[in-house]
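Examination of the molecular architecture
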Amino acid sequence: MIPYGHQAISDQDIAAVVEVLRSDFLTQGPAVERFERALAEQCGAKHAVAVSSATAALHLAALAAGVGPGDTVWTSPVTFVASANCARYCGANVDFVDIDPITWNLSAGALEEKLARAAQRPKAIVAVHLGGLSCDMEPIARMARAHGSVVIEDASHAVGASVGGVPVGKNAHSDMTVFSFHPVKIVTTCEGGAITTNRDDLYERLVSLRTHGITRDPKRMVNPSHGSWYYEQLELGFNYRLSDVHAALGTSQLTRLEAFIARRNELAGEYQRRLAKLPLRWQQVPAGARSAYHLFLIRADWAAHGGQRAAFESMRAAGVGVNLHYIPVHLQPYYAQLGFRPGDFPEAEAYYREAMTLPLHVQMTEANLELIVGALKNILT
Ligand SMILES: *Cc1c(COP(=O)(O)O)cnc(C)c1O
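Since the model is a prediction, treat every value here as computed from it, not as a measurement.

Turning our attention to the overall build of the chain. Scanning the chain for helices and strands turns up 13 helices and 15 strands. For 381 residues, the compact-globule formula gives about 21 Å, and the C-alpha radius of gyration of the chain, at 21 Å, lands near that figure. On the principal axes, the C-alpha backbone points of the chain span a range of 75 × 55 × 35 Å. Relative to its full complement of 381 residues, the chain shows a buried share of 56%.

When you tally the buried positions in strand E5 (residues 150-154), you get five out of five residues, the bulk of the element. Sheet topology note: the strand E4 (residues 124-128)/E5 ladder contains five bridges and is parallel. Paired with Val126 across the strands is Ile152, a residue of E5. You can see the chain leave E4, run along helix H6 (residues 137-147) and come back into E5, and the turn it takes is right-handed. The pairing of E5 with strand E8 (residues 176-180) spans three bridges and is parallel.

Another aspect to go through is the site of the ligand. If you check the shell around the ligand, you find 16 residues, and the closest are Thr55, Asp154, His157, Ser180 and Lys185. Between the ligand and the protein, one listed contact pairs an oxygen atom with a side-chain N or O atom of His157 at 2.6 Å. Tyr326 is positioned with one of its side-chain polar atoms (N or O) 3.1 Å from an oxygen atom of the ligand. In isolation the ligand exposes 380 Å². Once the protein is present, 92% of that is buried. Those elements that provide at least two residues to the shell around the ligand are helix H3 (54-64) and helix H4 (82-89). Sorting elements by how many residues they give to the shell around the ligand places H3 first, with three residues. A per-class count over the shell around the ligand returns six nonpolar, eight polar and two charged.

Turning our eyes to something else, we now look at the sheet that holds strand E15 (residues 355-358). Paired through their backbone hydrogen bonds, the strands of a sheet run either parallel or antiparallel. Taken in spatial order, the three strands make up an open sheet running E12-E14-E15, and their pairing is antiparallel. Edge positions in the open sheet fall to strand E12 (280-282) and E15, since each of these has one partner strand only. Strand-to-strand twist in this sheet, taken as the mean axis angle between neighbours without regard to direction, amounts to 35°. Inspection of the sheet shows E12 paired to strand E14 (residues 296-300) by three bridges, in the antiparallel sense. Note on E14: the bridge partner recorded for Trp282 is Ile298. Packing against the sheet, helix H13 (residues 366-380) makes contact with E12, E14 and E15, and its axis sits at approximately 160° to E15.

Evaluated as defined, the whole model comprises 18 salt bridges. For Asp13, the salt bridge identified is with Arg256, shortest N-O distance 2.8 Å. Residue Asp13 is found in helix H1 (residues 11-21), and its partner Arg256 is found in the loop between helix H8 (244-254) and helix H9 (257-275); the two are separated by 243 residues along the sequence. Residues Lys114 and Asp95 are paired through a salt bridge, measuring 3.0 Å at the closest nitrogen-oxygen approach. On the criterion of sequence distance, the pair formed by Lys114 in helix H5 (residues 108-117) and Asp95 in strand E3 (residues 93-96) is long-range, its members being 19 residues apart. Of the two residues, Lys114 and Asp95, neither departs from the other in class, the shared state being buried. One connected set of salt bridges, linked through shared partners, spans Glu270, Arg273, Arg274, Glu366 and Glu370.

Overall, mixed pairing links the seven strands, which are arranged E1-E9-E8-E5-E4-E2-E3 in an open sheet. Whereas interior strands pair on both sides, the edge strands pair on one side only; in this sheet they are strand E1 (47-51) and E3. With direction set aside, neighbouring strand axes in the sheet form an average angle of 20°. As paired strands, E1 and strand E9 (residues 193-197) are joined by five bridges and run antiparallel to one another. Within E9, the position partnered with Val51 by the bridge is Gly193. Of the strands in this sheet, E1, E8 and E9 are in contact with helix H2 (residues 30-43), which crosses E1 at around 130°. In the packing of H5 onto the sheet, contacts are made with strand E2 (72-75), E3 and E4, and the angle to E2 comes to roughly 155°.

Formed by 80 residues in total, the largest nonpolar core has its most connected members in Met176, Leu275, Phe296, Met315, Met356, Leu358 and Leu376. With nine residues, H3 is the single largest residue contributor to this core. The contacts of Leu275, once residues within four sequence positions are left out, are Leu280, Trp282, Phe296, Ile298, Leu358, Val373 and Leu376. Counting 33 residues, the second largest nonpolar core, distinct from the first, contains Val17, Val187, Leu254 and Ile261.

As a further point, take the pairing of E2. Because side chains alternate across E2, one face comprises the buried residues Thr72 and Trp74, and the other comprises Val73 and Thr75, equally buried. Pairing of E2 with E3 involves four bridges; the strand directions are parallel. Across the sheet, Thr75 pairs through a bridge with Phe96, a residue of E3. In this fold, the crossover linking E2 to E3 by way of H4 has right-handed handedness. Here E2 pairs with E4 via three bridges, running parallel. By the bridge assignment for E4, Val73 is matched with Ala124.

About the thresholds
- Residues numbered from 1 in each chain as written.
- Predicted model: local features only at pLDDT ≥ 70, side-chain atom pairs only at ≥ 80, totals over all residues.
- Heavy atoms only, no water.
- Helix = DSSP H or I, 4+ residues; strand = E, 2+ residues; numbered from the N terminus.
- Rg over C-alpha atoms; globule rule 2.2 N^0.38 Å.
- Buried < 20%, exposed > 50% of the residue type's maximum accessible area, 1.4 Å probe, protein only.
- Pairing = 2+ DSSP bridges.
- Right-handed = clockwise from strand over helix to strand, strands pointing away.
- Near = heavy atom within 4 Å.
- Polar contact = N/O pair within 3.5 Å; in protein donor to acceptor, adjacent residues only side chain to side chain.
- Areas by Shrake-Rupley, 256 points an atom, 1.4 Å probe, with all protein chains shown as cover.
- Nonpolar A, V, L, I, M, F, W, Y, C, P; charged D, E, K, R; others polar.
- Axes fitted to C-alpha atoms, helices over the stretch in contact; angles between N-to-C directions.
- Contact = heavy atoms within 4.5 Å.
- Salt bridge = Lys/Arg side-chain N within 4 Å of Asp/Glu carboxyl O.
- Core = buried A, V, L, I, M, F, W, Y, C linked by side-chain atoms within 4.5 Å.

See the structure below:
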């Protein structure tokens, strides 16, 4: 089965991990800071904070944004559940903004309409860059600023993406950007995530919350130091640290980010060329934007070609590990129980009926492409 995503681990990656394993620090050593510097530099951001997963990163970003009980966080219904769950971890409510029918990202137009009739402004907006394509951040940020909402980019799919040459993660139109380094994503640390920000206040909160809310900085302490062993817990934080072993893998992977993105774009171009005559469409990348192509997403009228379920079965029977990103979050039983209903976000639901994720990863071959496109042709012609 050709998987929809797969990591690419080199001998250099393995050597970098082994080097840390032989060193004095498996965690809380220098490799984490090196990874953070490399990521911040890649994004052109002032700060990067490495954490144990993007889910942890979203939780910390929401806390740093001040999200708490009584607040509401808005996000896209077409995302992984973690983009919404971060608000629930903080005791806040979640609401969704429907997607754009062309980019399939959170729609700036739908956001404008929703803000106009909202009884309560969102405390934070989590803008998810579906498949690696940036949301239209400029208008989203402008509206968020006008309502005093914090903007968090969920760039779990989008490390290496850019808009007008400006990298995602630079926070040109946001307060914080979250990345995931799960193996299926673009670069991996096995498990891992990070937040970039240009704001010193948010950076300090994130670093504190990552390690139990503990400080060893005498300037931040409430009481005079008792001695060299002394530390203070100032707030309720977590152990969301990334280990040095994982960080070393991440730093090594980042050196190949540009090559990964180039290859992913090349494969996406090949798909578009080969699929051009079939009755299906793909995510439209606006002029000037560069998708990281974490996913190659297509939409087709499966109902007119034997049904969506049969199409997926037939692709899988042909050895193609297709997937569907994502089941709209508001339809998940957990969110339905909070009051969401089918029909609440019609564009997201229409997307779900038509979507399919084709395999896309840097080790894919010409023969893989042939097989995948052939299997799709069988269904759609
Ligand atoms: C993968 C993913 C996450 C969660 O990432 P983890 O590192 O596995 O916690 C969050 N949001 C989106 C959009 C994702 O795709």
